[in-house]
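Each chain, written out:
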Amino acid sequence: MLWRKVGNSFSKNINRNNDLVTDLCSLAKLHPDTVLIFDDSGKIVSENKKGYRAAFGFNPKHLSDFQDNVPEQTYRSMETGLEQALNGQANKLSVSFTNNTDKPHYFHVTFLPIQFDKGPAEGVFCIFENITERVELEKALHLKKKHLNNAQQVAKIASWEYLPDKDEFLFSDQIYPLLGIGKKDIQNLHDFDHFIHHDDLRKVKQFFEVLGNNKSSLSTEFRFFHGKTKKLHYLKMVAEPILLDDKVHKWIGVVKDCTERKELEQKLNSTMEYFRYMFNHLDASIWLMEYPSGKMKFVSKGTEDILQIPVNQLIDRPIQWESFLHPDDAANYSARMKLAEGGQSQHIETRIIAGDGTTKWIYKQVIPWFDENSNLTYLFGMMLDITERVKIREELDFRTTHDAVTGLPNQIQLQQSLEAHCRDGKTLALLYLHIDRLQIVHDALGYDIANKLLKELASWLKTMTPANGSLFYVDNHHLVFLLGNIQHKEDIFAFAKNVLDNTRLPFHIEGYEINVTTSIGISFFPENGDKPNILLEKARHALNRAKKLGKNNYQIFSDSIDISSYKQLALENDMRKALEQNQFELYYQPQVNMEGRIHSAEALVRWNHPDWGTVSPGEFIPLAEENHLIHDLTSWVIEEVCSQLKKWKTMEKPVKPIAINVSPLCLMRNGFIEKIKQILADYEISAHLIQLEITENTLLKDNEKIQSNLKMLKQLGLAIAIDDFGTGYSSLKYIHDFQVDILKLDKLFLKELAHDNEKDKAIVSSVIHLAKGLNIKIIAEGVERYEQYQFLKQKDCDLIQGFLFSKPVPLETWEEMMETGYLKPKKKMYMPRRKERRKFYRLEFPHSIKGEMTIVEVNNQKVNVGSTPILIQNLSLGGIKILSYLNLPVHSHFKYRFSFTLMGETFQIEGTLIWKEEVKRDAYYYGAAFRLQQQEEDRLAPLINQASTFLKMNQLLPQTDFIFENDYVYLQRLLSS
C-alpha cells in the first residue's frame with residue numbers, strides 16, 4: 001500500500017526533471033551490472049538488460065515479485081534496503097537466489113536513493129552485481145585450504161612462507177599441533193629455539209640465514225622436542241624459492257614430522273646390524289652380488305673361512321667363482337648358474353679349491369632377485385662348508401655296504417655279488433666261516449677287545465684271499481668267502497684247510513693272548529643251488545655240521561644232513577620257544593658223605609622236548625651259549641631252585657644246599673650279581689643254601705670280571721665250586737685267584753681207579769691232600785663203582801656224587817630222598833634183564849656189525865635226513881638192537897630207516913624205537929621194531945637161518961661188515977672224526 005501512495009509523485013517529478021531521468025536511464029544502460037530502477041511504490045520503472053530474467057530466473061515487475069522467488073529472509077533484506085534508500089540512505093547487501101537452472105546465484109545489491117531538488121527520495125537506483133563466480137572461487141579456495149589442512153594433519157606436515165622484503169614468516173595452522181605449541185607461544189622465529197635440540201640449533205639457524213642469499217632449493221633435518229609430550233621428534237624442512245624478475249620473491253616451505261620414519265630407520269638399522277652381526281658370526285657365508293657386474297655388495301665373515309680370502313678383498317669387486325671351482329665340477333656349476341640367472345633358485349653341491357689350496361665341499365644356495373621391471377638385479381645366496389658332512393655321508397654310504405669294524409663288504413654287497421655270479425653262470429664256491437666262541441671274548445674282555453680281535457682276524461683273512469675271491473662280513477661271528485671260476489674242488493678244500501690252520505694261531509690284543517678257531521661250511525654253484533639264498537642256506541647247513549663235529553673243521557654241503565645235525569638244528573630253532581613254554585625241568589643228583597648221608601644236591605636242567613623227548617644239557621647248553629640264551633636259562637634255573645627252597649621251608653621239609661652250574665658267560669655279564677641278589681631277596685632264601693659251579697676249562701687265562709664277580713658272590717654268602725677240576729690248564733691259579741670253597745674232581749681221574757691204575761690214584765690222592773691243606777671241600781663226581789667209593793673213603797674224600805648212590809632224579813623223588821636223608825651204595829651195578837618181547841628168533845652177533853640209520857618221518861611229516869653210523873648187536877624178523885652215540889626219543893612220532901648188509905645182501909628196513917638204555921655217557925642201546933614188507937621178510941628170513949648155521953659152526957658170516965675193536969672206542973673215533 002505504501003508503494004501505491006508515493007508512486008504518483010515519482011511520475012510527476014519525472015515529467016518535471018526529464019533531463020535527469022534521461023541521464024539516469026543512460027547510466028543504467030551503460031552499467032556493466034544489472035540495474036533496476038524502482039519508483040517510490042516499489043514498481044520497476046526501468047532496467048538496463050532484457051536478459052535479467054536469465055540471471056534472476058524470473059521476470060519481476062515489482063519488488064513484491066521477489067517474495068515468491070527468493071528466500072523469505074532475502075526478500076525482507078531487499079525490502080528493508082529499498083525502504084532505507086527511499087528514506088535517503090544508500091545501502092548494500094548480499095543476496096542469493098536460484099534461477100531456472102537450480103544453481104544458486106550470488107549478488108551484491110546496492111540501493112541508491114533518487115532525489116530531485118534535495119527533496120525526499122522518489123525512487124531507487126538498484127545495482128545487482130553478480131558475484132556468483134567469485135563466491136564459487138572463494139568456496140573452492142576454502143575447500144582447498146581445508147583439504148590442505150586435513151592433508152597436512154594426516155601427513156604430519158605444516159607449510160610456511162617467508163617474505164624476504166618484509167622479513168616476515170607466515171605459518172599454516174597445522175604448524176602448532178604438529179609442534180605441540182600454541183599460537184601465543186610463538187611471537188617470532190626465535191621462540192622456536194628452546195624447542196630445538198641443542199645439537200641441531202646451529203644447523204637450523206644456518207638454514208634460515210641462507211634463505212636471503214640463495215636461489216636454489218634447501219632442505220635440512222633436525223630434532224625437536226614436542227611442546228606437549230616433551231618427546232623428541234625428528235623434523236624435515238624443505239624450502240623452495242619463488243623467483244620474480246630473477247629475484248627471490250618469497251620462499252615456500254614445508255615442515256614434515258619424520259619421527260616414525262626415523263624410528264623405523266633406526267629399527268631397520270638395528271635389525272640390519274643384528275642380521276649383519278648374526279651373519280658375520282655364522283659358519284655359513286651370506287652374500288649379495290650385483291648382477292650383471294658381479295660386484296659383491298655384502299659378504300659375511302663366514303665367507304673368509306670358507307674361501308680363505310679376506311672379506312675386504314671381496315667387497316665391491318667382481319668375484320670369479322669359476323676360479324675356485326674344482327675342475328671336475330666346473331661344467332655342472334656353470335650350467336646351474338645359468339638356470340639361476342634365468343630365474344630359478346638353485347641348490348648346488350660342488351667342490352672348490354680354497355685360497356690356501358685345500359679342497360672343500362660346499363653347499364651353495366642361489367636366489368635370483370628381480371626389480372619391478374622383472375630385470376635381474378641381484379643374486380642372493382648362502383654358502384656352507386659341507387666337507388665334514390660329505391665325509392660323514394660317504395662314511396654312512398660306506399657303512400651301508402661295509403662293516404664299520406672290519407671294513408669288509410657286508411651282506412648287501414654279498415647278496416649283490418652272489419646275484420652277479422649266478423647271472424654269470426661260472427662255477428663258484430661259497431665258504432661260510434664261523435669264529436668259534438667269539439661271544440666269550442665279548443663278554444670277558446668287552447666289545448672293544450672283541451672288535452679289535454675281529455678286525456685283526458678279518459685283516460689276516462683278507463691277505464689270504466686269492467685273486468679270484470672276495471671276503472664279506474655277515475655278522476659278529478660269521479664271514480663269507482666267495483671264490484669264483486673254480487677249476488678243482490681240491491683247491492677249495494686246500495684253501496679252507498689253510499684258513500683253519502692260520503686262524504688257529506694266537507692273536508695278541510692289548511696284552512691278551514687269545515686263541516680262536518673257525519668252522520667252515522662250503523656250498524658250490526651251480527651244484528648246490530642256482531640262487532644266492534639257496535647257496536647261503538646250504539653253506540650254513542654245512543657250517544652247522546662242522547660245529548656239531550667239534551668245530552675247527554670244514555664240511556661240504558650234502559643234500560641230506562645226518563641225524564645229529566638235524567637234531568641240533570631242531571633244538572636250536574626250538575630253544576627260545578622252550579623257555580617261553582616252560583619245557584625245561586630240574587633234576588637233582590644227591591651229594592653224600594662217606595656214610596651215605598645226603599649233604600646236598602646238584603640241580604641239573606633237562607629239556608622235555610615235545611619231539612625229541614628228554615634232552616641232556618650236553619646237547620643244548622652249547623646252543624644256549626651260542627644263541628645268547630644262556631643268561632635267560634641260568635636265571636630260570638636259579639629262580640626255580642630258590643622257589644623250591646622256599647616251598648620246602650614253608651612246608652617244614654628238610655632243606656639241603658643246592659649246587660647250580662653257571663656258565664662263565666653269565667659271570668662276565670653286567671647285572672648278574674644284582675639278579676642273584678634280587679632272586680634271593682624275592683624268595684627270602686639264605687645265600688649259604690646256594691652253591692655256584694663254574695667249569696675250570698674256560699677260554700681265557702685271566703679275567704678280572706669273573707674274579708671280581710666271584711668275590712662279590714662269596715661276600716653274599718654263596719659257596720663257589722670249580723667243576724671238572726683237573727681238566728684245565730691253570731688249576732692252582734684258579735684256587736688262588738677265585739678263593740673257591742669246593743673242588744669237584746673230574747670223573748676222568750676216577751675212571752681207572754677200579755683197575756688199580758697207580759697214576760690216577762696218585763693224582764686223586766694229591767688233589768684230596770691239596771684240598772684238605774687249603775681247607776677246601778672236595779667232591780668226587782661220576783662215581784659209578786664200589787671200588788672207586790672204597791678208595792675215596794680211604795683217602796677221606798668229603799662228598800661223593802654219582803650213579804653208585806643215585807642218578808639225577810626228578811623233583812618228587814628228590815623230596816622223598818630228603819625225607820630219608822640217607823642213601824646206600826650199590827656194591828655191584830646190575831642192569832635189569834630186559835624182558836624178551838620178540839616172537840621171532842634173535843640172531844646174536846659175535847661182533848658188532850656196521851650199519852646206518854636215518855629219520856624218514858616226524859609227526860607224520862616226511863623229512864630228508866642223512867644217515868648216521870650205528871652198531872648192530874642182534875637181529876630178528878621182528879626188530880633190531882643197536883648201539884649209537886645219539887640220544888634219540890623213544891616214541892611213535894619218529895620213524896627210522898635202518899640200513900645194513902648181511903652176507904652180501906643189503907637191506908633198508910623202516911621201524912620205530914621202542915626202548916632205550918644209557919650204558920655210558922654218550923652211548924645208548926636201542927631196541928627197534930621192524931615194519932617189514934612181505935618181500936623184505938621173504939629175503940631176510942632165509943639169511944637169518946643161514947647166518948645162524950654159520951655162527952653155530954663158529955664161522956664168521958661172509959660178506960658182512962664186522963668191527964673188531966671196542967664198540968665205545970669205535971663210536972668215540974666216529975665222534976672225533
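Scroll up to find the structure.
Here the structure is a predicted model, which is why all the values come from computation and not from measurement. (Residues numbered from 1 in each chain as written. Predicted model: local features only at pLDDT ≥ 70, side-chain atom pairs only at ≥ 80, totals over all residues. Heavy atoms only, no water.)

### Considerations on the overall build of the protein
Tallying secondary structure elements over the protein gives 27 helices and 38 strands in all. Taken across its 977 residues, the protein has 47% of its residues classed as buried. Counting only contacts in the protein whose residues sit at least 6 apart along the sequence, the fraction spanning at least 24 positions is 60%. Total accessible area computed for the protein in this model is approximately 51300 Å², and 49% of it derives from carbon and sulfur atoms. (Helix = DSSP H or I, 4+ residues; strand = E, 2+ residues; numbered from the N terminus. Buried < 20%, exposed > 50% of the residue type's maximum accessible area, 1.4 Å probe, protein only. Contact = heavy atoms within 4.5 Å. Areas by Shrake-Rupley, 256 points an atom, 1.4 Å probe, with all protein chains shown as cover.)

### Structural notes on the pairing of strand β8 (residues 218-225)
Residues of β8 alternate between two faces, with Leu218, Thr220, Phe222 and Phe224 buried on one and Ser219, Glu221, Arg223 and Phe225 left unburied on the opposite face. Examined bridge by bridge, β8 and strand β9 (residues 232-244) share eight bridges and lie antiparallel to one another. When the sheet's bridge partners are listed, Arg223 is paired in β9 with Tyr234. Hairpin connection between β8 and β9: a loop of six residues separates the two successive antiparallel strands, and Lys230 in this loop has a positive phi of roughly 65°. (Pairing = 2+ DSSP bridges.)

### Some thoughts on the packing of helix α13 (residues 438-464) against helix α14 (residues 489-503)
Look at α13 against α14: their axes get within 11 Å of each other, and the N-to-C directions meet at 145°. α14 is crossed by α13, and the crossing has right-handed handedness. From α13, Leu457, Trp460, Leu461 and Met464 reach across to α14, where they touch Phe495, Asn498, Val499, Asn502 and Thr503. Split into classes, the residues belonging to the contact of α13 with α14 amount to six nonpolar, three polar and no charged. (Axes fitted to C-alpha atoms, helices over the stretch in contact; angles between N-to-C directions. Left-handed = near helix turned anticlockwise from the far one by under 90°. Nonpolar A, V, L, I, M, F, W, Y, C, P; charged D, E, K, R; others polar.)

### Details of unusual backbone geometry
Residues apart from glycine generally show negative phi values, whereas peptide bonds are mostly found in trans. Pro292 follows Tyr291 through a cis peptide bond whose omega is 10°. Within the secondary structure, Pro292 is located in the loop between β11 (285-290) and β12 (296-299). Note the cis peptide between Phe525 and Pro526, where omega equals 5°. By secondary structure assignment, the location of Pro526 is in the loop between β21 (518-525) and α15 (532-548). Although it is not a glycine, Gln308 sits at a positive phi angle of roughly 60°.

### Considerations on the side chain of Ser848
You can see Ser848 is positioned in strand β32 (residues 843-858). Engagement of the side chain of Ser848 in a polar contact is seen with the side chain of Gln873, the distance being 3.0 Å. Sequence-distant contacts of Ser848, defined by excluding residues within four places in its chain, comprise Leu871, Ile872, Gln873, Asp961, Phe962, Ile963 and Asp967. (Polar contact = N/O pair within 3.5 Å; in protein donor to acceptor, adjacent residues only side chain to side chain.)

### Overview of the pattern of salt bridges
Overall, the coordinates contain 33 salt bridges when judged by the stated rule. Of the charged contacts in the structure, one is a salt bridge between Lys262 and Glu221, with a shortest N-O distance of 3.5 Å. Taken together, the residues Lys262 in helix α8 (residues 259-280) and Glu221 in strand β8 connect sequence positions 41 residues apart. Owing to a relative accessible area of 29%, Glu221 belongs among the partly exposed residues under this scheme. Of the charged contacts, one joins Lys231 and Glu263 as a salt bridge, the two residues approaching to 3.8 Å between their closest N and O atoms. Here the residue Lys231 occupies a position in the loop between β8 and β9, and Glu263 occupies one in helix α8, the gap between them amounting to 32 residues. For Glu263, a relative accessible area of 28% translates into the label partly exposed. (Salt bridge = Lys/Arg side-chain N within 4 Å of Asp/Glu carboxyl O.)

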